[in-house]
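# Report on the structure
Next come the chains, spelled out residue by residue.
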Amino acid sequence: MLSEPQVPCPVSTNHKIRPDLVRLEGPLFTPDKLYPQYLEAKRAVIDEPWSSLWVRETRQDPTSDPRVLMEALDFLWQKAAEAYHLEPPVRSTNQHLTDEVMHRGRQLAMHIQEDFVLMHGTRAEAMWVCLPSRWDPAEKIGRDFAQIHQPVPHSEALQKAQHNVAKAMHQKGPFVRYVWGLTYDPQLCQHPAQPRIEEGSTVYFRTERQITLPMPELQRSWFLIRVYSVPLWDVLHTPERKQLLLESLRSMSPEHIAYKHMQHIVPRVLAELEKR
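Let me sum up the structure you'll find in this document.

What counts, and where the lines are drawn
- Residues numbered from 1 in each chain as written.
- Predicted model: local features only at pLDDT ≥ 70, side-chain atom pairs only at ≥ 80, totals over all residues.
- Heavy atoms only, no water.
- Phe/Tyr/Trp six-rings, centres within 6.5 Å; stacked < 30°, edge-to-face > 60°.
- Helix = DSSP H or I, 4+ residues; strand = E, 2+ residues; numbered from the N terminus.
- Buried < 20%, exposed > 50% of the residue type's maximum accessible area, 1.4 Å probe, protein only.
- Lys NZ or Arg CZ within 6 Å of the ring centre and 35° of its normal.
- Pairing = 2+ DSSP bridges.
- Disulfide = S-S within 2.5 Å.
- Core = buried A, V, L, I, M, F, W, Y, C linked by side-chain atoms within 4.5 Å.
- Contact = heavy atoms within 4.5 Å.
- Salt bridge = Lys/Arg side-chain N within 4 Å of Asp/Glu carboxyl O.

Within the structure shown, the criterion is met by five aromatic pairs. Here the aromatic rings of Phe116 and Trp222 are separated by 5.6 Å at their centres, their planes lie at 80 degrees, and the arrangement is edge-to-face. You can see Phe116 sitting in strand 3 (residues 115-120) and its partner Trp222 sitting in strand 7 (residues 220-231), a full 106 residues away along the chain. For Phe116, a relative accessible area of 0% translates into the label buried. Judged by its relative accessible area of 0%, Trp222 falls in the buried class. Every member of this aromatic cluster is reached through a ring pair, and the members are Phe29, Tyr35 and Tyr84. The lysine or arginine in question, Arg226, covers the ring of Tyr38, its NZ or CZ lying 4.5 Å from the ring centre.

Written out as structure tokens, the structure reads:
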């Protein structure tokens, strides 16, 4: 029987973009009772061209070998099978290995609540992302860690540390990190092509649990993304959490608030927190 969602609340008093990775103490995957809703959200976009991407062998990266990617996908399938009780993957009728790679990735994407990105060195080599948080996977594929995070305000330390971060991701771990934001939009998939909801009666707390899974023998790592979206006040169920969010929002720069598209939400939440 699947459990109730365990929504993380990774709010700190002094909000900063840090290059730190914390060793994972819990499970790699977190299946819960919302499993059907996640698959429904993924099913709605799995045929979009941005949801399944792979930088194939090019002059830029002649080591992007479909056999290596298939091995990486089989490794991830085995790990996910333990949590989701998956049967062995079904091979497609395609004769070309490159087609089989894409088929295998789509199969896995439609069986788990997480999205997943394959990192090769500092570069995003492949990704199956159906539930992005206002970013376009098609703009990130093939880019390195620094390029991916370049739009994020005050992320210079993270960009500068990209080679050390990539080395740790490929050789050590698993590690976990979190990102979070506030939104009026409860939808799991928030691709930037979708209309943005700028107002509403309910503010939602959207957070990502990001897990790195090393594959040193392949010189690669998986980057797993589990999205949660719940009403804000369901998360702030203790005075300590309310105080943490209050201090975090006060410390957040205007640039970062604008990047997260929270400029219409933060004043309202601050006012409500200060009254409680």
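Within strand 7, 11 of the 12 residues are buried, which leaves it mostly tucked inside the rest of the structure. Of the pairings in the sheet, the one linking strand 3 to strand 7 comprises six bridges and is antiparallel in character. The residue bridging Phe116 from the neighbouring strand is Leu224, located in strand 7. Where strand 6 (residues 204-215) hands over to strand 7, the hairpin turn is made up of four residues, of which Gln219 adopts a positive phi near 55 degrees.

On to unusual backbone geometry. Residue Pro174 is bonded to the preceding Gly173 through a cis peptide linkage, with omega at 10 degrees. With respect to the helices and strands, Pro174 occurs in the loop between helix 7 (162-171) and strand 5 (175-183). Look at Arg134: it is not a glycine, yet its phi comes out positive at around 60 degrees. Here Arg134 is to be found in the loop between strand 4 (123-128) and helix 4 (137-140).

Considering all chains together, one arrives at zero disulfides under this definition. Left without a disulfide partner, Cys189 is nearest to the cysteine sulfur of Cys130, which lies 7.6 Å away. Owing to a relative accessible area of 6%, Cys189 belongs among the buried residues under this scheme.

We now examine the nonpolar core. The biggest cluster of nonpolar side chains holds 62 residues, and the ones touching the most others in it are Phe116, Trp128 and Trp222. When neighbours within four sequence positions are excluded, Trp128 is seen to be in contact with Ser51, Ser52, Leu69, Leu73, Val101, Met102, Gly105, Arg106, Ala109, Asp115, Phe116 and Trp222. Core analysis: the second largest hydrophobic core is formed by 22 residues, Leu232, Leu249, Met262 and Leu270 among them.

For the rest of this paragraph, the subject is the sheet that holds strand 2 (residues 52-54). Reading across from one edge, 1-5-6-7-3-4-2 is the order of the seven strands in this open sheet, with antiparallel pairing throughout. Bordering the open sheet on either side are strand 1 (22-23) and strand 2, each of which pairs with just one other strand. With 12 bridges joining them, strand 6 and strand 7 adopt antiparallel strand pairing. Residue pairing in the sheet places Arg209 in a bridge with Arg226 of strand 7.

Taken as a whole, this structure holds 12 salt bridges when the rule is applied. Its salt-bridge partner being Glu100, residue Arg104 comes within 3.2 Å of it at the nearest N-O pair. Residue Arg104 and its partner Glu100 are both found in helix 3 (residues 97-109); the two are separated by four residues, about one turn of the helix. Glu100 matches Arg104 in its accessibility class, with the two residues each being buried. Glu274 is the salt-bridge partner of Arg250, the closest N and O atoms lying 3.2 Å from each other. With Arg250 in helix 9 (residues 239-251) and Glu274 in helix 11 (residues 266-275), the pair connects residues that are 24 residues apart, well separated along the chain.

So, about the environment of Glu48. One can find Glu48 in the loop between helix 1 (35-43) and strand 2. Put simply, Glu48 and Cys130 are 82 residues apart on the chain and 8.8 Å apart in space, counted from C-alpha to C-alpha.

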